[in-house]
Amino acid sequence: MTRVNRTLRLYLANKSWSLYSPLYILGIMTMFSVIITGIIGINTGFPLPADVRENMRYNGGALYAPPGFLVSVGVLAMNRNFAMALALGSTRKDLWRGTSLGFLLTSSLVGVGAVLALGLERLTNHWFIGARAFDVQFLGEGDVLRTFITMFLLSILSLYVGAFFGTVFRAYGTVWTAIAAILVTVGLLALVALAVWQSTRVSQVWDSLGAWLLLNLAAALALLAASGSYAVNRRALV
Amino acid sequence: MTVTESTASRGIELLGVTKSFGSNHVLTDVTAHLPADRIYGLLGANGVGKTTLMSLITNHAFRSSGSILVDGDDPDENAAVRERMCFVREDQKYNDAFSVKDILRVAPAFYPSWASETADRLTERFRLPLTTKSKRLSRGQRSALAIVVTLASRAAYTFLDEPYLGLDASARTIFYEELVAEYAAHPRTVLLSTHLIDEAAPLLEEVLILDQGRIVLQTDIDEASRGSFVVRGRESDVLDFVGGRALLTQRRLGGLLSVTVRGELNNEEHRRADELRLSVEPTSLQEFVAALGIHALDQSAPQNQTEKAP
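Definitions and cut-offs
Residues numbered from 1 in each chain as written. Chains lettered and ligands numbered in written order. Predicted model: local features only at pLDDT ≥ 70, side-chain atom pairs only at ≥ 80, totals over all residues. Heavy atoms only, no water. Helix = DSSP H or I, 4+ residues; strand = E, 2+ residues; numbered from the N terminus. Buried < 20%, exposed > 50% of the residue type's maximum accessible area, 1.4 Å probe, protein only. Polar contact = N/O pair within 3.5 Å; in protein donor to acceptor, adjacent residues only side chain to side chain. Contact = heavy atoms within 4.5 Å. Pairing = 2+ DSSP bridges. Axes fitted to C-alpha atoms, helices over the stretch in contact; angles between N-to-C directions. Salt bridge = Lys/Arg side-chain N within 4 Å of Asp/Glu carboxyl O. Core = buried A, V, L, I, M, F, W, Y, C linked by side-chain atoms within 4.5 Å. Buried area = accessible area lost by both parts, 1.4 Å probe. Nonpolar A, V, L, I, M, F, W, Y, C, P; charged D, E, K, R; others polar.

Asks: I'd like a description of unusual backbone geometry, backed by residues and values.
Replies: The linkage connecting phenylalanine 46 of chain A with the following residue, proline 47 of chain A, adopts the cis geometry, with an omega of -10°. As for its position among the elements, proline 47 of chain A is in the loop between α2 (15-44) and α3 (50-56). The phi dihedral of aspartate 29 of chain B falls on the positive side, at around 50°, and the residue is not glycine. Look at aspartate 29 of chain B and you get partly exposed, because its relative accessible area is 48%.

The following block contains the structure:
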C-alpha cells in the first residue's frame, strides 16, 4: 500500500490541477448559465416565460464542461506523471494503481460538488432567476443519486479515456495513438450503428432502464478504458 | 529471488545486454559487473547509448535481449529493486502543472531515506526558484533540480545523466562538493554519464567507456593513471629514452616531442629521465582514453547538448 500511496501522492501533488479545477469548471459553467439566463430575462422580463423555463431543463452544461479538462488530466497523469514516477523508482503497476485511486477521488469530488451545487440551486430557487445548471433533465431533475452517479461516471470515463491515450502514446508513440483514436471512434460509431440496427430492442431496454442505460454504458466504457490503460501501461516507456 | 542481506551488495550485473530500435542497434552485447557502493563514470560521445543503458538498468525501457540483475534481481517491474533507484534523466519530463516546490514536496514520499536538509541546502545553493513551473525552468535549472532530487533521494542506486548540462562553473563546483560529501557520508552506487571526461574524472572511482554501443573499456581510475605515462622533451632524447616501448600517441611541436607510453617506470628510469631533462607525468584519464584510440569523446566545455535515445 505504501508504494501505491506514493503514486497517489504524486497525482495529488498539485491539488488545484487534479482535484479542484473540475469544480472550478463546473462553477464557471454555472456562472455562465446564470449570466445567459439573466440576459434572456432582461429581454423577456422576469419571471421567465414558460417556454424559456422549459428549455432551461435541458441545459447540458454540466455534461459538456468537465470532460475536456478531465481527459487532459488523464493524459498527463499517465504520461508526464509516468516519467516522474519511474524516475523516482516506482513501477508501472504501482503508478497505475495510485493514479486510479486519484481518479476515484477526483470523480467522487465532482459528483459531490454537483450534488451540493444542485442543493444550492434548488435552495435559491434556481439562482433567484430561474437559471438551471444541475437541476436538469439528464441529471434526473433533483435526483441526488442520479446526479452523483452521472457526474462521477462522466468524470471517471473522461479520466480513463485520457489515461488510455496517454499510455498508448508512452508505449507506442504518436502514430499508434492516432491509430488508437481512429479505432476507438470507429468502435463507438459501430456501437451507434448497432443501436440503430437494433432500435426496437434498444427501445425496450430504454423503457425499462431509462437514463440508467446510458449510465451503464458509460460505466462499461470506463471499465474498458481502464483495462486498456492497465494493459498498455505494462509496455510503456519513458 | 528476493533482495536479501546476502545479495544486497552484489551491485549491477549486465550480461549480453542488447537494445535495438528496428534495425538501429543502440547497444550491442553489453557485459559488465559494477560492484555496489562505488562511483562509476559512464563515458562516451553524444548518442552512443549512455542514457539508453541507464534506462535499461532502471527499467525505464525494455532490453531487446540479455540479462540485467541489480542486487541479484531483475529490475523489470520489480518494486523491491526499483524503489532503490533514482534516475532523473537529463531530458526528464515533469507534469507541466507542477512547480519546483510540488516536485520537491512529492519526491520524499518515494524515498524513506530522503535527506530534507540536503534538498533544502542544494535548493538554496543552486538558487532554484520554488514557485516556477517545471516547464519554465532553464536548462541549468533543470540540471540543478535533477541533482537536488537525485542526491537527496539517497537511493542505493543513484543515476546521474549528464548532470553538468547548462550548469555554470560555480554550479558545477557546488555539484562536485555535494556529490563527494553525500557519497562520503552515505556511500551508494553512483552511475554518472557524461561526455566530458576531464570534468568528471576527479569524482570517479571506475569508468566504463561506451563506443558504438559497446563497452570498450572498464577500468579503475587509478589503474588507468598507472597504466601509461607521458614523456615530453627534445625529440632525440625522448626517442632515446622510450627505446623500443610501444608508443600509444606522439605529438611534435618544433623540436619537442610528446609521447604517451603504456606501462610504468622504475626508479632507475625516473633518474635517467631527470638526467635527460625529460618531463614524465601520469596520463590524465582523457589522454589515456584517447591513447587507446577511443576518439569519440568531446573535449569542449559543457554545452547545452543533449543525448536522446532514438
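Asks: Just give me the short version of the side chain of arginine 92 of chain A, but keep the residues and values in it.
Replies: Tracing the backbone shows arginine 92 of chain A in helix α5 (residues 92-123). A polar atom in the side chain of arginine 92 of chain A sits 2.8 Å from the backbone oxygen of alanine 236 of chain A. Those residues within four positions of arginine 92 of chain A in sequence are excluded, and the remaining contacts are Phe82, Leu86, Asn233, Arg234, Ala236 and Leu237 of chain A together with Asn59, His60, Ala61, Phe62 and Glu77 of chain B.

Asks: Mind laying out the sheet that holds strand β4 (residues 65-70) of chain B, listing which residues take part and the relevant values?
Replies: Residues and elements named next belong to chain B. Pairing is antiparallel in the open sheet, where 3 strands are placed in the order β2-β1-β4. The two strands at the open ends of the sheet, each matched to only one other strand, are β2 (24-34) and β4. Each adjacent strand pair in this sheet contributes to an overall mean axis angle of 20°, direction not counted. The pairing of strand β1 (residues 12-21) with β4 spans 5 bridges and is classified as antiparallel. In the sheet register, leucine 15 faces β4, and the bridge partner there is serine 67.

Asks: Tell me about the side chain of threonine 91 of chain A, and please be specific about residues and values.
Replies: Within the secondary structure, threonine 91 of chain A sits in the loop between α4 (61-87) and α5. A polar side-chain atom of threonine 91 of chain A sits 3.1 Å from a polar atom in the side chain of aspartate 94 of chain A. Those residues in contact with threonine 91 of chain A, other than ones at most four positions away along the chain, are Leu86 of chain A together with Glu77, Asn78, Ala79 and Arg82 of chain B.

Asks: Just give me the short version of the pattern of salt bridges, but keep the residues and values in it.
Replies: Going through the model one piece at a time under the given rule, you end up with 33 salt bridges over all chains. Across the salt bridge formed by arginine 272 of chain B and aspartate 240 of chain B, the nearest N and O atoms sit 3.0 Å from each other. Of this pair, arginine 272 of chain B sits in helix α10 (residues 267-275) while aspartate 240 of chain B sits in helix α9 (residues 235-242), placing them 32 residues apart in sequence. Accessibility expressed as a relative area gives 45% for aspartate 240 of chain B, which makes it partly exposed. One salt bridge in this structure joins arginine 271 of chain B and glutamate 268 of chain B, with 3.0 Å as the shortest N-O distance. Of the two residues, arginine 271 of chain B and glutamate 268 of chain B both sit in helix α10, 3 residues apart, roughly one turn of that helix. Three or more residues are tied together by salt bridges with common partners; here these are Glu54, Arg57, Arg122, Arg132, Asp135 and Glu141 of chain A.

Asks: Explain the pairing of strand β8 (residues 206-211) of chain B to me, and be specific about the residues and the numbers.
Replies: Residues and elements named next belong to chain B. Burial of β8 is extensive: 5 of the 6 residues sit out of reach of the surface. Bridging between strand β3 (residues 39-43) and β8 involves 4 bridges; their strand directions are parallel. Looking at β8, one finds that leucine 43 is bridged to isoleucine 209. As paired strands, β8 and strand β9 (residues 214-220) are joined by 6 bridges and run antiparallel to one another. Paired with leucine 208 across the strands is glutamine 218, a residue of β9.

Asks: Outline the nonpolar core, supporting the account with residue identities and numerical values.
Replies: All names here are of chain B. One finds Phe126, Leu145, Val149 and Leu285 to be the most contacted residues of the largest nonpolar core, which totals 94 residues. Those residues in contact with leucine 145 that sit more than four places away from it in its chain are Tyr94, Val100, Ile103, Leu104, Leu128 and Leu137. Tyr40, Val81, Tyr157 and Leu208 belong to the second largest nonpolar core, which has 27 residues in total.

Asks: Account for the sheet that holds strand β10 (residues 228-234) of chain B, with residues named and values stated.
Replies: Residue and element names in this part refer to chain B. Reading across from one edge, β11-β12-β10-β13 is the order of the 4 strands in this open sheet, with antiparallel pairing throughout. Whereas interior strands pair on both sides, the edge strands pair on one side only; in this sheet they are β11 (247-253) and β13 (279-282). Strand-to-strand twist across the sheet, computed as the mean angle between neighbouring axes with direction ignored, equals 15°. With 6 bridges joining them, β11 and strand β12 (residues 256-262) adopt antiparallel strand pairing. Paired with leucine 247 across the two strands is valine 261, which belongs to β12. Taken strand by strand, α9 contacts β10, β11 and β12, and its axis lies near 145° from that of β10.

Asks: Could you give me a rundown of the pairing of β1 of chain B, with the residues and numbers involved?
Replies: Residue and element names in this part refer to chain B. Taking burial as the measure, the 10 residues of β1 include 7 buried ones, the bulk of the element. As defined by bridge partners, β1 adjoins β2 across 7 bridges and the pair is classed as antiparallel. Following the sheet pairing, phenylalanine 21 is matched in β2 by asparagine 24.

Asks: Requested: an account of the interface of chain B and chain A, with residues and values cited.
Replies: Often, the extent of an interface is quoted as the loss of accessible area on bringing the components together. Facing the 33 residues of chain B at the interface are 28 residues of chain A. Interface of chain B and chain A: buried area, both sides summed, is about 2800 Å²; carbon and sulfur atoms make up 57% of it. Of all residues in chain B, the largest losses of buried area upon contact with chain A belong to Phe62, Glu77 and Phe110 of chain B, amounting jointly to 25% of the total for that side. At the junction of chain B with chain A, the criterion picks out 5 salt bridges. With its nearest N and O atoms 2.9 Å apart, the salt bridge here joins arginine 80 of chain A to aspartate 96 of chain B. Along the contact surface separating chain B from chain A lie 21 residue pairs in polar contact (both at pLDDT 80 or more). For the side of chain B that touches chain A, the secondary structure elements donating two or more residues are α2 (79-82), β5 (85-88) and α3 (100-106) of chain B. When the residues that make up the side of chain B that touches chain A are grouped by side-chain class, the tally is 19 nonpolar, 5 polar and 9 charged.

Asks: Got a sec to walk through α10 of chain B? Specific residues and values, please.
Replies: For the α-helix, the turn length of 3.6 residues means that residues three or four positions removed from each other point alike. At the N-terminal boundary of α10 of chain B, the capping side chain belongs to asparagine 266 of chain B, with an oxygen 3.2 Å from the backbone nitrogen of glutamate 268 of chain B. Looking one or two residues past α10 of chain B, arginine 277 of chain B carries a phi angle of roughly 55°, positive in sign.

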